[in-house]
Structure formats: structure tokens, C-alpha cells
Amino acid sequence: MPSLADHHSSSLVKLLLLGDAWAGKTRSLASLVTVLNLELFILDFDNKLDPLAGAIRDVNPDLISKVHY
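Residues numbered from 1 in each chain as written. Predicted model: local features only at pLDDT ≥ 70, side-chain atom pairs only at ≥ 80, totals over all residues. Heavy atoms only, no water.

A. The layout of surface pockets, seen in detail. Estimates place the volume of the largest pocket at around 1200 Å³. Around the largest pocket, the lining is made up of 29 residues, and of these L15, L17, L29, L40 and I42 lie nearest the centre. Within the residue set of the lining of the largest pocket, elements represented by two or more residues are α1 (25–34), β1 (40–41) and α2 (50–59). Of all the elements, α1 adds the most residues to the lining of the largest pocket, at 5 residues. Classifying every residue of the lining of the largest pocket by side-chain character gives 19 nonpolar, 3 polar and 7 charged. Contributing to the lining of the second largest pocket are D44, N47, L49, D50, L52, A53, I56, R57, I64, V67 and Y69. Tallying contributions element by element places α2 first for the lining of the second largest pocket, with 5 residues. (1 Å grid on protein atoms, 1.4 Å probe; cavity = no way out; pocket = protein on both sides within 12 Å on 5 of 7 lines; lining within 4 Å. Points joined across faces, edges and corners; volume = space filled by probe spheres on them. Helix = DSSP H or I, 4+ residues; strand = E, 2+ residues; numbered from the N terminus. Nonpolar A, V, L, I, M, F, W, Y, C, P; charged D, E, K, R; others polar.)

B. Fine view of the environment of A53. Within the secondary structure layout, A53 lies in helix α2. Its relative accessible area of 16% is what places A53 among the buried residues. For the pair formed by A53 and S65, sequence separation is 12 residues and the distance between their alpha carbons is 9.9 Å. (Buried < 20%, exposed > 50% of the residue type's maximum accessible area, 1.4 Å probe, protein only.)

C. Summary view of the packing of α1 against α2. Relative to each other, α1 and α2 sit at 45°, their axes nearing to 9 Å. Viewed along their axes, α1 and α2 adopt a mutual orientation that is oblique. Both α1 and α2 take part in a crossing whose hand is right-handed. The residues of α2 that touch α1, namely those facing T26, R27, L29, A30, V33 and T34, are P51, L52, A55, I56, D58 and V59. For the contact of α1 with α2, a count of residues per class yields 8 nonpolar, 2 polar and 2 charged. (Axes fitted to C-alpha atoms, helices over the stretch in contact; angles between N-to-C directions. Parallel < 35°, antiparallel > 145°, perpendicular 65-115°, else oblique. Left-handed = near helix turned anticlockwise from the far one by under 90°. Contact = heavy atoms within 4.5 Å.)

Coordinates in, geometry out; function isn't part of it.
Structure below.
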């Protein structure tokens with residue numbers, strides 16, 4: 001039986017981020033871009049990405065291109 005160390009996991013992570021208002025969801029996503037240098041692909045159903053864009057631009061405006069919607 002193979003071990004989990006031999007698994008061919010993808011580097012893609014699918015995430016559903018839920019939480020109460022003011023719980024830090026937007027800043028958590030911003031830190032994925034600004035601190036971990038990851039790209040985000042977001043399904044934006046309510047056209048409310050302005051706070052996320054602002055949080056990323058506050059740290060490094062050049063990283064805004066790492067967020068795709």
C-alpha cells in the first residue's frame with residue numbers, strides 16, 4: 001500500500017472562506033497574496049472586491065495583478 005508521501009497532490013488549493021462580518025476574511029486573502037506571494041482566482045458574485053484590492057494596494061500595488069476574478 002502506498003504512503004501519503006507518495007501521493008501526487010496538486011499545488012492547487014480550492015478554498016471556500018466563510019465567516020462573520022469583521023472576522024478578517026478579506027485581510028486573510030490579502031495576506032495570501034502579499035505575504036505568501038500566491039495567486040488568487042475568485043468567483044465574485046456580488047461585485048465587492050474593492051476592500052480586497054485596497055488591502056493589497058496598501059502593501060504593494062504591483063501585487064494586484066495576482067488576483068484574478
